[in-house]
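The chain contents come next:
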Amino acid sequence: MSMNEFDDKTLRERIADNPQPALAWLAGVLVLVALELGRLASGLVQVGETTRFALGGIASVPGSVEESVASSLGEIAGLVAFGLTVLVLLGIAAILVKWLLIPWTLVDRLGIEASTGVKDIIERVIVTGLLVVAAALVVLTPVGGVLEMAVSALTRGVEWVSSLPTITSRELISNEGYQLPDGSWEGTFLGLSPAVAWALRVAVVYAYALVWLAWLWRGYETFREHYREADWTPRDDSINRLRNHYWGMFGLIVVIMFLVMALWAPAVSPATAEANLYQPYEHEFEYYGDDGVESITHGEANSDSRSQGGDTNVGVMSYDNHDRFHPFGTNTDGKDLFTFLAYGAQVSLVIGLLATVLMAVIATALALITAYYKGVTDLVTIVASDSIISLPRFLLVLLLSVLFMQANHPVAEIYDGGLLLALIFAGTGWPLLWRSVRGPALQVSEQEWIDAAKSYGQSPAATMRKHMAPYIAGYMLIYASLSLGGVIIGVAALSFLGFGVQAPTPEWGRAVYEGQSYIATSSWHIATLPGILVVLLVTGFNALGDGIRDAIDPQSEASDGAAGAAGGGG
Amino acid sequence: MSRWRYFFRRLLLSVPVVLFGLTITFVIVRMGPIDPVAAIVGPEGGGASRGRIEERLGLNEPLWQQYIDFMVNMLTFNLGQSWVIQPGRSVESLLMTYAPRTLWLGFWSVLIAICIGIPLGFYAGLNPNTKSDYLASFGGIVWRAMPNFWLAIIILAVLRQSERFFFGLSWQSLGVSNNLIGQPPLDFIAFTDWITVGIISIPVGVYFSFSTLIESIKQVMPAAIVLGSAAMGNEMRIGRTAVLETINSNYVETAKAKGLRDRVIVWKHVFRNALVPLVPIITNEAFILIGGSVIVEVIFGINGLGYLFFQAAVQGDLPLVGSLMFIFIVLIVSINILQDFLYTVLDPRVGYE
């Protein structure tokens, strides 16, 4: 739609000129959001709680530093250390704030004249100073109390919204009910059997997710057709190649299936994790017993639905004694295996994604820095990464998680050890990723446009971010998706050995461990199904990585199979 | 830069790598969240025994002194002893007992992976885009994605009921009967007599038992297949690509134009060149074997190095953990050097910049 080749209008102006397609698309988004507003709001509450917790943890750092320094070097040194730590933390925060929230440069507004590098530093100092003032206001004056009240009011509002009904809610399509002697079902959706009701709810969840994806794709097409400056970009070709890459599309579909399962874990599982896994003795449900309708706690019912081989077994796609439906059967202590696995997918994906994102950030930053400066920085990074690789990764991960868990370190308690595992995998995995992207990074640093940027006086950070990072990003995506499978297998293997994610938080590896002695009996499903899920998910991520690679760079071939496999060892 | 200068630079670089790797080990073992003495003394240990052990481990000295002692001890192969698992036993003697089992396991897993993975990959590469190629490639990908711990228990379950799956053929009584779980007997070969010539001892009497050898191989086979599974998939994948690349290269075209027979082309011009990219894959396997052997050894009940490391870590035998880690570092760094050496010798085309 561009009229001339050098259209200077911003995206906002282009939308303002021709608002109709954008508004139509936005209306669709609003309808989709409204259908699941409740679940979205409860997700927001969770994210908010996590953020608050993380902020609290970070805020306690200066205090603990002060304490440890004061105990060895005295009070005054402690105070100095406290101040320094606060400054360092606020400095880091300043970089984030500047990057996210302040699109213009304060230095230019204030009219300060200096060279580019000095300007950057002055800019950061100003932002840090503002943050110090803000932090002091919050901590020392009543402003903090007002802020606290505003946050809690906001939280209450969002919590009220989260109680609104949604189309995938368990109450709307309920699969929990009991069978009357005449064979009809009471309490389930439209009197359907729990199996059908559950299948219907899962179908609704996946249909909803599918509509979302289709709508996002439509949004991209609308953008491409009506609002993008260029009629064609190289990215169009990449996307077309990915669309015609059957193997890559298979991977994408598998990954999306698992993502949906993880995001909607409360909706797709036959029972909630709260009732069935975490506090089974505090949640009751009704069933039709000898004396009519009775109620029983999940915990007591679970003790009748154990799968331990022989006759004590609730297999795949069957009902237990209390009319509860178990699509994947139950595990050794009678809990629903599908619920366990759906929430387990959440845990695996959260740990895997967190570890991979951390790894990718470290590896990209180092690749940019080493490729830009070369020489000693490169050599030091080579030695550091080779040293970490020279420690067998799985043994190192095992050792670290054993040590932290046995010492009951506070980090090991967050997310039942999940955060610790993500940190360990990220800390031991970045050298492999860095090695994979070092080549492309060095290549791009030799290009003429880097020289041009340098001689033009652009600061090193900006050169790396604007002219080098986009080139590496594609490669990073490929290797990150390959190494994600390794992390998932590694976490499952650690949990299998008893040192990964601790009970009661569900994890696939622990299900395999619990079921391993019953694998030759009628309760074969406990250990077999989680394994198949791991194979499927890891294959999916590998296929997606292959697809992205072929889409970005059709000439390249499988050059580095080691990046994906080396993460495993489990 | 000449190839040999590149090789010597890599060799020189391995010195700081070993030192830094050891430093990381020191930080984890001595400065980590667990106090090394607490696990040794146990909850009932009094202050006196605590002090005694602290002194013997050198933990009462300042940290930098501990660091220097640790580095010097390790680098002079003064590996110390075990404190918790087998108190008082030296690390060398533990290694003599445990290492052969892991080596035997590793040897077979590398061999099986090579013998199955490479031929399959080459076959798929020679017949690209046929049904058998797709079957082999897809099988390789799924096989590689299987977690070792899961594959191990599935294989154990299948073998336990092998009569049911293989038409009455029972694995346990096949050939020599054995248990599925347990360590392979390694006493099939022993030297009974030694002659001393000057300072060198030469074995003259050799004891060899063929049936024990068979039993030993049979015992280690399922574990070796599991341990080599990921490597097998990798070798297949890389082998397929390598063959495809060479088969489309100009010199193969020339050979065809010369009228060489297909068999000669394949054996002389394709296979030999396709083997080069497989070298790092095979040496990389050693990495995975050292790390992955923990799971396989724990499940199959083989008391090897991985099992020893696992026990040492779980029971808090941190001095032993440090020494074992050092051995692993040395092993991996030497394998890396071997890989560079092989590359230098095998592939004169690559320019090292």
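Residues numbered from 1 in each chain as written. Chains lettered and ligands numbered in written order. Predicted model: local features only at pLDDT ≥ 70, side-chain atom pairs only at ≥ 80, totals over all residues. Heavy atoms only, no water.

Remarks on the overall build of chain A
From N to C terminus, chain A includes 22 helices and six strands. Taken over the C-alpha trace, chain A has a radius of gyration of 27 Å; the compact-globule value for 570 residues is 25 Å, and the two agree within 12%. Each principal axis of the C-alpha atoms in chain A carries an extent, and together these give about 85 × 70 × 55 Å. Here chain A has roughly 28,200 Å² of accessible surface; of this, 66% comes from carbon and sulfur atoms. (Helix = DSSP H or I, 4+ residues; strand = E, 2+ residues; numbered from the N terminus. Rg over C-alpha atoms; globule rule 2.2 N^0.38 Å. Areas by Shrake-Rupley, 256 points an atom, 1.4 Å probe, with all protein chains shown as cover.)

Description of the confidence of the model for chain B
All names here are of chain B. Of the residues in chain B, 93% have a pLDDT of 70 or more, and the chain-wide mean is 83. Summarising per-element confidence for chain B, the mean pLDDT is lowest in strand β1 (residues 189-197) (71) and highest in helix α14 (residues 305-314) (90). Confidence estimates for the predicted assembly give a pTM of 0.86 and an ipTM of 0.86. (pLDDT = per-residue confidence, 0-100.)

A short note on helix α20 (residues 508-515) of chain A
Most of α20(A) sits out of view: six of its eight residues are buried. When α20(A) is considered as a whole, its buried residues turn out to be W508(A), G509(A), R510(A), A511(A), V512(A) and G515(A). Against α10 (246-263), α14 (337-373), α19 (460-497) and α21 (525-552) of chain A together with α7 (148-160) of chain B lie the buried residues of α20(A). (Buried < 20%, exposed > 50% of the residue type's maximum accessible area, 1.4 Å probe, protein only. Contact = heavy atoms within 4.5 Å.)

Some words on the packing of aromatic side chains
Residue and element names in this part refer to chain A. Tallied over the full model, the rule gives 28 aromatic pairs over all chains. A ring pair is formed by W198 and F325, whose centres lie 6.0 Å apart and whose planes are at 55°; its orientation type is tilted. Of the two residues, W198 is situated in helix α8 (residues 194-227) and F325 in strand β6 (residues 325-326); the sequence distance between them amounts to 127 residues. Given the relative accessible area of 11%, W198 is considered buried. (Phe/Tyr/Trp six-rings, centres within 6.5 Å; stacked < 30°, edge-to-face > 60°.)

Focus: the pattern of salt bridges
One pass over the full model with this rule turns up 14 salt bridges over all chains. When the shortest N-O distance is used, the salt bridge between D546(A) and R237(B) registers 3.6 Å. Of this pair, D546(A) sits in helix α21 while R237(B) sits in helix α10 (residues 229-247), each in a different chain. The exposure class of D546(A) is buried, given its relative accessible area of 7%. With a relative accessible area of 17%, R237(B) lands in the buried category. The salt bridge partner of D550(A) is R549(A), with a shortest N-O separation of 3.6 Å. For D550(A), a relative accessible area of 23% puts it in the partly exposed group. Given the relative accessible area of 14%, R549(A) is considered buried. Because the salt bridges share partners, they merge into one network encompassing D546(A), R549(A), D550(A) and R237(B). (Salt bridge = Lys/Arg side-chain N within 4 Å of Asp/Glu carboxyl O.)

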